[in-house]
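# Observations on chain architecture
Each chain, written out:
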Amino acid sequence: MEEREVNIKALLLNYVRHWKWFLFSLLFFVSITFLYLRYVTPQYSISTTLLIKDDKKAPNMGGNAFAELDLFNANQNINNEIEVLKGKTLMQRVVKELGLETSYYLEKTFSSTELYGKDLPLKLTIHGLDSTAYELSDGLLITILDNNNFELDDGESVKKYSFGKQVSKSYGQFTLTSSSGLEPFTTYRVRFHNLTRLAAGYNSAIEFNLVNKEASVISLSLVHENRAKAIDILNKLVEVYNREAIEDKNQLADRTVRFIDERLSYLVSELSDVEKNVEKYKREHEITNVSAEAQQYLQEAGDYTRRLAEVQNQLSILESIEQYLRKQETKNDLVPSALGIQDPTLNGLIAKFNDLQLERQRLLRTTQEGSPLIVSLDQQLTNLRENILENLRNIKQGIGITLNNLKSNSGQFKSRIQDVPSIERNLLEIQREQGIKEALYSYLLQKREESAISLASTVSNTRIIDRAMAGERPVKPRRVLVLFFALIIGFGVPIGLLYIRDLLNDKVTLMSDVQEAVPVPILGELIHNEDEQHTLVVNKSSRTPLAELFRLIRTNLQFATLGKENKVILITSSMTREGKTFFSINMGASMALTGKRVVLLEFDIRKPKLIKDLGIPVPKKGITNYLVDKAITVGDLVNDTKLVDNLFVIGAGPIPPNPAELLLSSRIDELFNTLKENFDCIIVDTSPVGQVADAFTLAKQADMGIYMVRYNYTFKQQLNIVKDVYENKKIPNLNIVLNDAKEENAYGYGYGYGYGYGYGAELDEKRNWLSRIKKYLKRG
């Protein structure tokens, strides 16, 4: 956990040290953002809300009859309606009706603004358009010359044309008209759009959302730079959707009406034929109403029977009277009354006859039969009897004729009554067919009226809750969000670059790179030497941060070899230019300042540069001379540097042809043994172990090894050499010194910028104050 916290702190410190990168990046991206916000066209959110009528809540306006035709049922599924609204053909119809095949832009210096509706000063009427018109990448560039003429640039040619006259091009024919008051040299751009692709683009741009899962309400929203255009698109989409829904319903009702009309026409013809058959049948059988006429027949037959009985009764009475009058034994009796005979003559004769009989009988009580009165009465009675009989014969003859007529008529009615069932059955069959036709005709006529009502009263499936409205503030670009992202990018780009740089960097840049790669102790860290002309930076009076770091390493050396002899210090590295010689010189000077006798050995006999860096004359004799010539003693090799007290040096001598073999000489042991007797510290500047094995040859003479690692120069892969040397003990008591630390290499560790600049700068500041005080005292 502690390591992680240290790493975060170090990471932040690294970013802070590159504050210029962040400042430049922030200024750059914020400036670009402000330019973008200045010239970008703002986009607004336009939305509308629809209520889709639910079948569960839709009223049944037409009752059962309308339900049969399914004209008013709102069986709408909300998801289905959303898919209908998303339909490509629906949107194609919208863009076509709005005339969005062309779009117009006012060209400005750094931007262009789309013109639409009332703001449109130009109108391009298309007479014919080829598909190549959609491939014009820049569209048509129109420059106003005056109120009557304009210049047209279509990428192929630039020509002058007049407003109101047809322009014919290879990609189409069109006419451009304008409103009055156009400013000359104003430039407009006209683009042609493929309706299919344009509709697909708007389909993908419009968002369809359910407002609530429990409600059948859909929200349609569109983000567009032109608010008026987007409002028209959404309103037209809803309008076309409703219109198509109504057309779909009307199509069903219209087809129903046409079908019913065809059936009604056919039924009228069939019904007319049936009615003619009924008329013909009734005419043939002389009937109007079979039941009524059958009742009438029965009634009239009864009447004829009754009258026939009456007539027969009268005839019987007449025959009885006739028989009564013809009998001799009753010739002097009264004649019975003609009951039921409504004949006044007969009744008068009988009454007179009876009166005479009564008169005769009264006279006979007083006179004899032979008296003239009686004889006269008898004569009168005889004449009356003849008259009565004659009258009876006449009446009987008339009643006989009547009786025959009644019998004939009664027979006819009985025959008609017998024919009634068959007539009625046949008529019922015809009337049944007629009734079926009439019922079907009535039903279809009712349905036709219902369909006509549905055509007149068809309503939309939707109800517009809120018409399309645009927000007052633009939703794109969101200034705060864009600025926020600009700040993020402004910070992110330097962070990313630093991260990539560190990721791709295969050189040691941090102390942690060494600590994580090898378990070798780190003796110290040296900062970058600003004075590259002078190698020796440590002297008695120096208080620079670099000099203080050498003093710190000198102290660390004492702790590193506490209780052990530490006379011979071997300095090596992975390759050249890692600071071995620089470290050897200044480390030797630092130790010499403590009163120790220190000798520097230039054992990099392949490429010696220690003497050169010290800036002293090259000795006549060096190590190679000593190894080759046994007459040369160690004392002949030692030279005083005269730079720092007690600091001596032994040069490498001439570069030998066989340095590796030469270092195996037995005189090496004599050299080191002699030096150990005469000096307190021996610093050996050797060749890089990553290139030659000279240092390993000398390692047996060393008490301690210091491995130089230079920031931004030593490869991380070369740390494996250090690890191998340490683990296999090829150099005894190995330690690492990090060289050339700069601000970006401090990273919160090390001593260079943490201690050196802090403490060293503090000493320099104190020294400056002391010098100022001395000057002040002198003046006083």
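See the structure above.
Residues numbered from 1 in each chain as written. Predicted model: local features only at pLDDT ≥ 70, side-chain atom pairs only at ≥ 80, totals over all residues. Heavy atoms only, no water.

## Brief notes about unusual backbone geometry
- The omega torsion of the bond from Lys 476 to Pro 477 falls at -10°, within 30 degrees of zero and hence cis.
- Among the structural elements, Pro 477 can be located in the loop between strand E13 (462-470) and helix H11 (479-504).
- Of note in the backbone geometry, Lys 642 takes a positive phi value of approximately 60° without being a glycine.
- Among the structural elements, Lys 642 can be located in the loop between strand E17 (639-640) and strand E18 (647-650).
- Given the relative accessible area of 73%, Lys 642 is considered exposed.
- The backbone of Asn 712 shows a phi angle near 60°, a positive value even though the residue is not glycine.
- Residue position: Asn 712 is located in the loop between strand E20 (704-710) and helix H21 (719-727). (Helix = DSSP H or I, 4+ residues; strand = E, 2+ residues; numbered from the N terminus. Buried < 20%, exposed > 50% of the residue type's maximum accessible area, 1.4 Å probe, protein only.)

## Regarding the sheet that holds strand E21 (residues 734-741)
- The eight strands lie next to each other as E14-E21-E20-E15-E19-E16-E18-E17, forming an open sheet whose pairing is mixed. Two strands close off the open sheet at either side, each with one partner strand: strand E14 (522-527) and E17.
- Sheet strands in contact with helix H19 (residues 667-678) are strand E15 (568-573), strand E16 (598-602), E18 and strand E19 (681-685), and its direction is about 145° off that of E19.
- In the packing of H21 onto the sheet, contacts are made with E20 and E21, and the angle to E21 comes to roughly 160°. (Pairing = 2+ DSSP bridges. Contact = heavy atoms within 4.5 Å. Axes fitted to C-alpha atoms, helices over the stretch in contact; angles between N-to-C directions.)

## What about the environment of Val 257?
- Following the sequence through the fold, Val 257 ends up in helix H7 (residues 227-285).
- Sequence separation between Val 257 and Lys 447 is 190 residues, and the spatial gap between their C-alpha atoms is 8.1 Å.

## With respect to the nonpolar core
- Counting residues in each nonpolar core, the largest one holds 45 residues, and the members touching the most others are Leu 601, Phe 603, Phe 672, Val 684 and Ile 736.
- Once residues lying within four places of it in the same chain are set aside, the contact partners of Ile 736 are Val 514, Val 518, Val 520, Pro 521, Ile 522, Leu 523, Gly 524, Tyr 707, Val 709 and Val 722. (Core = buried A, V, L, I, M, F, W, Y, C linked by side-chain atoms within 4.5 Å.)

## Brief notes about helix H6 (residues 195-205)
- Looking at H6, one finds that the buried residues are Leu 198, Ala 199, Tyr 202 and Asn 203. Seen from one end, H6 has its buried residues packed into an arc of 140°, which puts them on one side. Turned more than 90 degrees away from the buried face of H6, the exposed residues are Arg 197 and Ser 204.
- Of the residues that open H6, the one with a side-chain oxygen 2.8 Å from the backbone nitrogen of Thr 196 is Asn 194. (Arc of directions from axis to C-beta. Polar contact = N/O pair within 3.5 Å; in protein donor to acceptor, adjacent residues only side chain to side chain.)

## What to know about the pairing of E14
- Where burial is concerned, most of E14 is hidden: five out of the six residues are buried.
- In terms of strand pairing, E14 meets E21 through four bridges, oriented parallel. Its bridge partner lying in E21, Ile 522 is registered against Ile 736.

## A look at the packing of helix H2 (residues 19-39) against H11
- As a packed pair, H2 and H11 sit with axes 9 Å apart at the nearest point and diverge in direction by 145°. In this structure, H2 meets H11 at a crossing whose hand is right-handed.
- For the contact of H2 with H11, the class distribution of residues is 19 nonpolar, three polar and two charged. (Left-handed = near helix turned anticlockwise from the far one by under 90°. Nonpolar A, V, L, I, M, F, W, Y, C, P; charged D, E, K, R; others polar.)

## With respect to the layout of surface pockets
- Here the largest pocket is characterised by a volume of approximately 740 Å³.
- Surrounding the largest pocket, 26 residues form its lining, Arg 577, Gly 579, Phe 582, Lys 609 and Arg 710 being those nearest its centre.
- Within the residue set of the lining of the largest pocket, elements represented by two or more residues are helix H14 (580-592), helix H15 (610-614) and E21.
- Looking at the lining of the largest pocket element by element, the count peaks at three residues for H14.
- Along the lines of polarity and charge, the residues of the lining of the largest pocket split into four nonpolar, nine polar and 13 charged. (1 Å grid on protein atoms, 1.4 Å probe; cavity = no way out; pocket = protein on both sides within 12 Å on 5 of 7 lines; lining within 4 Å. Points joined across faces, edges and corners; volume = space filled by probe spheres on them.)

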